[in-house]
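Residues per chain are reported as follows:
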Amino acid sequence: MADTIQDKGRTGFQHLGIQANGFMDYLSAQLANVLVNNPINYPVFELCFPASSFSFTSDHTICITGANFSPVINEKSIELNTPIEVTKNDVLQFLKPIEGSFAYLAIQGKINAPNWLASQSFNAATLQKDNVFEILPILESEIYTHSIPPAFIHSIHSNIFTPAPIRFIPGPAWNDLTEESLSQLLTQPFHTTLQTNRMGYLLKGPALGLTKPNQYLSSAVTRGTLQLLPNGSIMILMADHQTIGGYANLGQIILVDLPRIAQLKNGSSLHFSLTNVNTAHQLYQQIQKGFIH
Amino acid sequence: MQLNSTFKDLPLQFNYLGDHAIVISINTPISSESIQIVKKVVTLCAFIKKTHQWIKEIIPAYQTITLVYDIHSFYQLEQTDPLIFIKNSFQSMMKENFLETEAGENKVIKIPVCYDEIFGIDLASMATLKNITKEEIIESHTHEIYNVFCLGFMPGFAYMGNVNEKIQVARHLAPRPKVFAGSVGIAGVQTGIYPTNSPGGWQIIGRTPLKIFDPHPETLALFKAGDQVQFYSINRATYDQMIQS
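None of the values given here were measured: they were computed from a predicted structure.

Quick notes on the rules
Residues numbered from 1 in each chain as written. Chains lettered and ligands numbered in written order. Predicted model: local features only at pLDDT ≥ 70, side-chain atom pairs only at ≥ 80, totals over all residues. Heavy atoms only, no water. Pairing = 2+ DSSP bridges. Helix = DSSP H or I, 4+ residues; strand = E, 2+ residues; numbered from the N terminus. Axes fitted to C-alpha atoms, helices over the stretch in contact; angles between N-to-C directions. Buried < 20%, exposed > 50% of the residue type's maximum accessible area, 1.4 Å probe, protein only. Core = buried A, V, L, I, M, F, W, Y, C linked by side-chain atoms within 4.5 Å. Contact = heavy atoms within 4.5 Å. Domains from an automatic or database assignment. Buried area = accessible area lost by both parts, 1.4 Å probe. Salt bridge = Lys/Arg side-chain N within 4 Å of Asp/Glu carboxyl O. Polar contact = N/O pair within 3.5 Å; in protein donor to acceptor, adjacent residues only side chain to side chain. Nonpolar A, V, L, I, M, F, W, Y, C, P; charged D, E, K, R; others polar.

1. A look at the sheet that holds strand β7 (residues 84-86) of chain A
All names here are of chain A.
(1) Moving on: The five strands are arranged β1-β2-β9-β4-β7 in an open sheet whose pairing can be described as antiparallel. Pairing within the sheet leaves two strands with one partner each, and these edge strands are β1 (4-6) and β7. Averaged over all adjacent pairs, the angle separating strand axes in this sheet is 35 degrees, with direction ignored.

2. With respect to the pairing of strand β19 (residues 248-253) of chain A
Residue and element names in this part refer to chain A.
(1) Moving on: Of all six residues that make up β19, six are buried, and the element is covered over most of its length.
(2) Moving on: One ladder, built from three bridges, connects strand β12 (residues 166-170) with β19; its direction is antiparallel. Bridging from a neighbouring strand, Phe168 pairs with Ile253 of β19.
(3) Moving on: Here strand β16 (residues 225-228) pairs with β19 via four bridges, running antiparallel. Looking at the pairing, Leu226 lines up with Gly251 of β19.

3. Thoughts on unusual backbone geometry
Residues and elements named next belong to chain A.
(1) Moving on: At the junction of Phe49 and Pro50, the peptide bond is cis and its omega measures out at -5 degrees in the coordinates.
(2) Moving on: Despite not being glycine, Ser70 has its phi angle at roughly 50 degrees, a positive value.
(3) Moving on: Here Ser70 shows up in the loop between β4 (60-68) and β5 (71-73).
(4) Moving on: Given a relative accessible area of 19%, Ser70 falls into the buried group.

4. Remarks on the nonpolar core
(1) Moving on: Leu250 and Phe272 of chain A together with Phe90 of chain B are the most contacted members of the largest nonpolar core, which totals 84 residues.
(2) Moving on: Aside from chain neighbours lying at most four places away, what touches Phe272 of chain A is Pro165, Ile166, Phe168, Leu185, Leu186, Phe190, Leu203, Leu226, Ile236 and Ile253 of chain A.
(3) Moving on: If you look at the next biggest cluster of nonpolar residues, it comprises 33 residues, including Val148, Ile205, Phe213 and Phe231 of chain B.

5. Some thoughts on the domain arrangement of chain A
Residue and element names in this part refer to chain A.
(1) Moving on: Parsing chain A into structural domains produces domain 1 (4-160) and domain 2 (166-292).
(2) Moving on: Domain 1 and domain 2 are separated by 26 Å when their C-alpha centres are compared.
(3) Moving on: Taken together, the 35 residues of domain 1 in the interface contact 25 residues of domain 2.
(4) Moving on: Between domain 1 and domain 2, roughly 2,300 Å² of surface is buried when both sides are summed, and carbon and sulfur atoms account for 55% of that area.
(5) Moving on: For the domain 1 face of the interface with domain 2, the top three residues by lost area are Met24, Tyr26 and Asn159, together amounting to 26%.
(6) Moving on: In this assembly, domain 1 and domain 2 are joined by one salt bridge.
(7) Moving on: Arg198 is the salt-bridge partner of Glu46, the closest N and O atoms lying 2.7 Å from each other.
(8) Moving on: Our count for the contact surface shared by domain 1 and domain 2 stands at 15 residue pairs in polar contact (both at pLDDT 80 or more).
(9) Moving on: Only α1 (26-35), β4, β9 (99-107) and α2 (150-160) provide two or more residues apiece to the side of domain 1 that touches domain 2.
(10) Moving on: Split into classes, the residues belonging to the side of domain 1 that touches domain 2 amount to 19 nonpolar, 13 polar and three charged.

6. Quick notes on the environment of Tyr75 of chain B
(1) Moving on: With respect to the secondary-structure elements, Tyr75 of chain B resides in helix α2 (residues 71-77).
(2) Moving on: The spacing of Tyr75 of chain B and Pro60 of chain B is 15 residues in sequence and 25 Å in space, taken between C-alpha atoms.
(3) Moving on: Residue contacts for Tyr75 of chain B: discarding those within four places in its chain leaves His281 and Gln285 of chain A together with Thr80, Asp81 and Pro82 of chain B.
(4) Moving on: Polar contacts involving the side chain of Tyr75 of chain B include one to the side chain of His281 of chain A, which spans 2.7 Å.

7. Quick look at the interface of chain A and chain B
(1) Moving on: With 36 residues of chain A at the interface, the matching set in chain B holds 37 residues.
(2) Moving on: Overall, the association of chain A and chain B removes approximately 3,100 Å² of surface from exposure, summing both partners, and the carbon and sulfur fraction of that is 67%.
(3) Moving on: Scanning the region where chain A abuts chain B turns up zero salt bridges.
(4) Moving on: For the pair chain A and chain B, the number of links is twelve residue pairs in polar contact (both at pLDDT 80 or more).
(5) Moving on: Counting residues per element, the ones that place at least two in the side of chain A that touches chain B are β15 (219-220), β19 and α5 (277-291) of chain A.
(6) Moving on: Broken down by element, the side of chain A that touches chain B gets its largest block of residues, eight residues, from α5 of chain A.

Here it is, written out as structure tokens:
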């Protein structure tokens with residue numbers, strides 16, 4: 001089971017080699033939280049198929065977003081992206097993976113789980129059978145009170161589950177790509193492989209080459225870094241990535257497109273396209289302004 | 001977008017790294033001078049961070065210092081863009097007294113290592129490969145004072161260098177599935193200590209009884225970038241004693 005509890009991750013410790021962790025698809029997780037009136041970056045259950053089942057011991061408001069794993073409560077199917085009332089003894093199960101890789105379950109209140117360095121995200125702590133979690137009430141001052149228009153919910157969901165190209169900003173090793181590789185990266189399809197996890201997504205595609213040896217002095221990498229491995233394949237760094245890396249850094253995927261990468265299933269195809277920082281900032285701001293008024 | 005400028009005293013380059021990080025690069029070759037420059041830039045970044053909470057991380061490495069920032073909180077407070085902001089902050093600080101910026105004291109952290117072969121599992125093969133004795137390897141490893149260039153790979157793992165040419169050995173082609181916490185290794189010009197049990201490819205020459213990483217929030221990593229480290233040899237009895245205490 002690869003299900004975990006995630007919040008927005010840990011900040012301020014990467015200089016000690018401590019990874020950020022956090023939501024893989026932050027937009028779906030944030031959406032789940034606000035739809036149950038939780039603060040936007042509260043911890044949620046991040047689920048992979050086959051996902052854990054949950055049995056509730058008291059009444060709660062819950063919401064499921066992100067991947068569609070055909071959720072059912074007491075065997076009756078329920079809507080995604082919609083707050084749902086559950087009562088004592090209700091059982092939530094996920095029957096079949098239809099779309100996406102990570103589903104998010106938010107429960108109104110705060111999941112009472114271990115906290116380390118101001119985050120409940122742990123890269124190694126997966127949910128275990130028969131785990132019991134207490135849901136603590138939220139402070140009144142923290143309750144998210146804005147209403148989320150259906151059009152915004154729809155736009156978030158369709159932004160994540162669209163096959164549009166993945167946009168990135170060129171990185172320090174971009175100019176070291178051979179001309180042929182540079183054009184292949186921008187025109188050829190790439191595919192996700194079985195080697196996808198919370199640390200990174202290994203892609204299959206044309207083998208890319210550099211005009212110099214693939215040996216760089218280690219430097220900080222980020223979520224969304226496109227690392228070129230010595231065998232010519234691309235690894236996209238994700239939420240549990242190491243803090244620094246010494247492979248060619250070809251570029252970084254922009255924040256608004258990271259949920260789209262996170263939700264790709266094994267074998268999905270993708271294209272890359274170039275963008276710039278101004279555009280990336282504008283796109284990110286547009287979405288965040290929908291959440292934070 | 002690129003804003004490169006040569007400052008009066010230091011060649012620093014400021015570039016975006018994707019949409020939520022800025023990388024400050026120094027052009028000085030790796031040396032004690034480059035280490036001092038990285039330390040000073042970190043100090044200046046930390047100074048800016050104190051009053052600008054949108055800066056989330058300051059991550060030093062060999063020739064770069066990377067700032068990770070929060071896009072939304074930046075634009076709530078500032079009119080310009082993050083790269084221009086950082087560059088301007090540096091320009092105004094460097095006009096003043098950049099060179100006087102204290103890079104911090106340099107005390108040498110002494111690390112006990114037991115080089116017995118039960119721990120130094122690659123010592124024998126290294127000695128054969130480099131055509132020297134195990135004692136010479138230990139002598140060289142404990143003689144140098146190493147600089148901590150950066151931390152990474154796993155929490156608390158410090159990349160230190162430079163290892164003397166006569167004991168430089170490349171890492172194993174395939175990593176071992178398990179290297180024990182405290183294992184001291186060599187990989188080319190670098191030396192380092194595994195903070196926790198983990199897979200690893202470095203050539204293992206000994207083990208320290210010290211805790212290199214402690215998850216307690218007030219302890220965390222034993223080393224930080226810019227520290228100086230020297231190893232000293234201890235026997236098995238001392239190792240056992242220190243492990244127990």
